[in-house]
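A structural walkthrough
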Amino acid sequence: MSMQSSIAVGRQYLLDTYAQVPVVFSGGQGMYLIDEEGKRYLDFVGGIAVNALGYHDAGLSLAITEVVDKGLLHCSNLYYNTQAVAAAKALCTLAGMDRAFFCNSGAEANEAALKLARKFGHRSSPARTDIISMVHSFHGRTYGAITATGQDKYHVNFDPLPQGFSYAQFNDLESVKALVSEKTCAIIVEPIQGEGGIIPATSAFLQGLRELCDQQDLLLIYDEVQCGMGRSGKPFAYQVYGVKPDILTTAKALAGGIPAGAMLTCDKANDVFTPGDHASTFGGNALAMAGVNEMVRRLMDSEFTDHVQQMGSYLREKLVQLASHYPSLCGEVRGLGLINGMVLTFPPRKVVDACFERGLLVASAGYDVLRFVPPLVVQEKDIDKALSIVEQALASLL
């Protein structure tokens, strides 16, 4: 079957939930994806911050193969399994948290956090059920997660949405305080807003949220689905700021490309759930947990996270230089580690398409940001090549 035939089959049988680029990938190696015709694409999308180790990574491949060879891909959560037990301990240790709930995606991890927050609120009399989120946030596509998402475009045509959510301005502590009431039980925030446009929180904002939650006995939830698992240059973005949450959610790169999500808890969030409150059939399955264990092993190596910080600084430096050459097209560059964005003065899709034609995969974020979330194993030569292509794309638009 030709690639065009594969695309035609996809268009016929796959529901239109993504505006898909006309390419079919069949393999990958290192920093490159390879399509069905053998063309190689330098990947600065990384499965949208998922493929942290790139493609065909030897360590991840070995971890997965060992599970397959033992024949236990899945085991019901009615029982423990070796990989899940090891992953829970390792991930909590890496994150500085106490306990873990495993699921399959970021949306599921956030659903678990929202449910836990409301059960926590029901300990009060009268019950506290309201949750404060941020404008331009993104927390997933399921009903609770999409309602927590502070972007109207994701709410259209899906009402009635769950009640009890309100939206403050990101990095504006006073706007959060104005929404706190006797009904509030939790605040959910991304330390680095991803889909909203690659916007890092300020240290003062997160510290202010921590103090507010302590004063009002609220749960502070960090959504690190995109910015966690080494993406910021630390294992978790909150460790860059030194401001710890009560609940931390993570997914995307959690298992190096195998679907996995987790909600981590500490202190007053540890004993809220009891058996029967929440569950996930496939959460913690042995195959995914093998991926988690390998990712955690890599992130425990300070040389690995140092590399992310170094490459992130190099990428931002080069992006700033590039933006200065095209002031009519480019604006601010922002990010931490290897989650970076460059503001454009026109729709990013034009650059995305022009880069794709030249063999580079990049994506957009928000309404006007070109997003760069390459595998964490990226090298300077890859960054140089990618930005050379971006510059060609920008020049073509002039």
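Here, every reference points to the structure presented above.
Scope of this entry: the structure provided in the associated data block. (Residues numbered from 1 in each chain as written. Predicted model: local features only at pLDDT ≥ 70, side-chain atom pairs only at ≥ 80, totals over all residues. Heavy atoms only, no water.)

For the chain, the count of helices and strands is 13 helices and 17 strands. Taking 2.2 N^0.38 as the reference for a compact globule, 398 residues should give roughly 21 Å; the C-alpha atoms of the chain span a radius of gyration of 21 Å, in line with that estimate. C-alpha extents for the chain along the principal axes are approximately 60 × 55 × 45 Å. Across the 398 residues in the chain, those meeting the buried criterion constitute 56%. For the chain, the proportion of contacts with a sequence separation of at least 24, taken over those separated by at least 6, is 70%. (Helix = DSSP H or I, 4+ residues; strand = E, 2+ residues; numbered from the N terminus. Rg over C-alpha atoms; globule rule 2.2 N^0.38 Å. Buried < 20%, exposed > 50% of the residue type's maximum accessible area, 1.4 Å probe, protein only. Contact = heavy atoms within 4.5 Å.)

Taken in spatial order, the seven strands line up as β4-β12-β11-β10-β7-β5-β6 in an open sheet, and their pairing is mixed. Where the open sheet ends on each side, the last strands, each with one partner, are β4 (99–103) and β6 (165–168). Neighbouring strand axes in the sheet, compared pairwise and without regard to direction, differ in orientation by 20° on average. The strands touched by helix α5 (residues 106–121) within the sheet are β4, β5 (130–134), β6, β7 (184–189), β10 (219–223), β11 (247–250) and β12 (261–265), with β7 carrying the most contacts at an inclination of about 155°. (Pairing = 2+ DSSP bridges. Axes fitted to C-alpha atoms, helices over the stretch in contact; angles between N-to-C directions.)

Another aspect to go through is the side chain of Glu-294. Looking at the secondary structure, you find Glu-294 in helix α10 (residues 286–299). By relative accessible area, which is 7% here, Glu-294 ends up buried. Separated by 2.8 Å, the side chains of Glu-294 and Arg-298 make a polar contact. Beyond its immediate chain neighbours, meaning those up to four positions away, Glu-294 contacts Gly-59, Leu-60 and Ala-63. (Polar contact = N/O pair within 3.5 Å; in protein donor to acceptor, adjacent residues only side chain to side chain.)

Right, let's get into the pairing of strand β17 (residues 369–372). Burial of β17 is two-sided: the residues Val-369 and Arg-371 facing one way and the residues Leu-370 and Phe-372 facing the other way are all buried. By the bridge criterion, four bridges tie strand β14 (residues 339–344) to β17 in an arrangement that is antiparallel. Opposite Asn-340, over in β17, you have Phe-372 as the bridge partner. Two successive antiparallel strands, strand β16 (residues 363–365) and β17, enclose a turn made up of three residues, where Gly-366 displays a positive phi of approximately 65°.

Moving on, we come to a nonpolar patch on the surface. Among the surface-exposed residues, Met-1, Val-9 and Tyr-13 lie close enough to one another that they form a single nonpolar patch of about 400 Å² accessible area. Val-9 sits in the partly exposed class, given a relative accessible area of 36%. (Patch = residues over 30% accessible without salt bridge, like charges linked within 9 Å, V, L, I, M, F, W, Y side chains within 5 Å. Areas by Shrake-Rupley, 256 points an atom, 1.4 Å probe, with all protein chains shown as cover. Salt bridge = Lys/Arg side-chain N within 4 Å of Asp/Glu carboxyl O.)

It is worth spelling out the side chain of His-139 at this point. Structurally, His-139 can be placed in the loop between β5 and α6 (143–148). At 3.4 Å, the side chain of His-139 and the side chain of Ser-133 are in polar contact. In this structure, His-139 is in contact with Gly-106, Ala-107, Asn-110, Ser-133, Ala-145, Ala-148, Thr-149, Ile-188, Glu-190 and Asp-223, ignoring residues within four places of it in sequence.

The periodicity of an α-helix, 3.6 residues per turn, causes residues three or four places apart in sequence to face the same way. The end-to-end C-alpha separation of helix α4 (residues 82–95) is 20 Å, in line with the 20 Å expected for 14 residues at 1.5 Å each. Taken together, the buried positions of α4 are Ala-84, Ala-87, Ala-90, Leu-91, Cys-92, Leu-94 and Ala-95. In this structure, the buried side of α4 is in contact with β4, α9 (238–241), β12 and α10. Backbone geometry just after α4 places Gly-96 at a positive phi near 70°. (Expected span 1.5 Å × (residues − 1).)

This paragraph deals with the packing of helix α12 (residues 349–357) against helix α13 (residues 380–397). Packing of α12 against α13 brings their axes to within 9 Å, and their N-to-C directions diverge by 120°. By the angle between their directions, the pair α12 and α13 is classed as oblique. The crossing of α12 and α13 is right-handed. Contact with α12, carried on its side by Lys-350, Val-351, Ala-354 and Cys-355, involves Ile-389, Val-390, Ala-393, Leu-394, Ser-396 and Leu-397 of α13 and no other residues of that element. Per-class residue counts for the contact of α12 with α13 are eight nonpolar, one polar and one charged. (Parallel < 35°, antiparallel > 145°, perpendicular 65-115°, else oblique. Left-handed = near helix turned anticlockwise from the far one by under 90°. Nonpolar A, V, L, I, M, F, W, Y, C, P; charged D, E, K, R; others polar.)

In this section: α12. By the burial criterion, the buried members of α12 are Val-351, Val-352, Ala-354, Cys-355 and Phe-356. At its buried positions, α12 is contacted by β3 (40–43), β14, β15 (360–361), β16, β17 and α13.

Let's shift gears to the layout of surface pockets. Roughly 1100 Å³ of internal volume is contained in the second largest pocket. Lining the second largest pocket are 29 residues, and of these Asn-77, Arg-99, Ala-100, Phe-101 and Phe-102 lie nearest its centre. Every element with two or more residues in the lining of the second largest pocket is listed here: α4, β4 and β12. Per element, the largest residue contribution to the lining of the second largest pocket is four residues, and it comes from β4. For the lining of the second largest pocket, the residue count by class is 15 nonpolar, 13 polar and one charged. (1 Å grid on protein atoms, 1.4 Å probe; cavity = no way out; pocket = protein on both sides within 12 Å on 5 of 7 lines; lining within 4 Å. Points joined across faces, edges and corners; volume = space filled by probe spheres on them.)

Attention shifts here to the environment of Gly-59. By secondary structure assignment, the location of Gly-59 is in helix α3 (residues 58–70). Gly-59 sits 235 residues away from Glu-294 along the chain, and the two C-alpha atoms are 7.0 Å apart. The contacts of Gly-59, once residues within four sequence positions are left out, are Glu-294 and Arg-298.

For the rest of this paragraph, the subject is unusual backbone geometry. For the peptide bond that leads from Ser-125 to Pro-126, omega is 0°, which places it in the cis range. Residue placement: Pro-126 occurs in the loop between α5 and β5. With omega at 5°, the peptide bond leading from Asp-159 into Pro-160 counts as cis. Here Pro-160 is to be found in the loop between α6 and β6. Unlike most non-glycine residues, Ala-49 shows phi in positive territory, near 65°. Within the fold, Ala-49 resides in helix α2 (residues 46–49). On the basis of relative accessibility, which here comes to 1%, the residue Ala-49 falls in the buried class. Within the chain, Asp-267 stands out as a residue other than glycine whose phi angle is a positive 50°. When you line up the elements, Asp-267 lands in the loop between β12 and α10. On the basis of relative accessible area, Asp-267 is assigned to the exposed category, the value being 54%.

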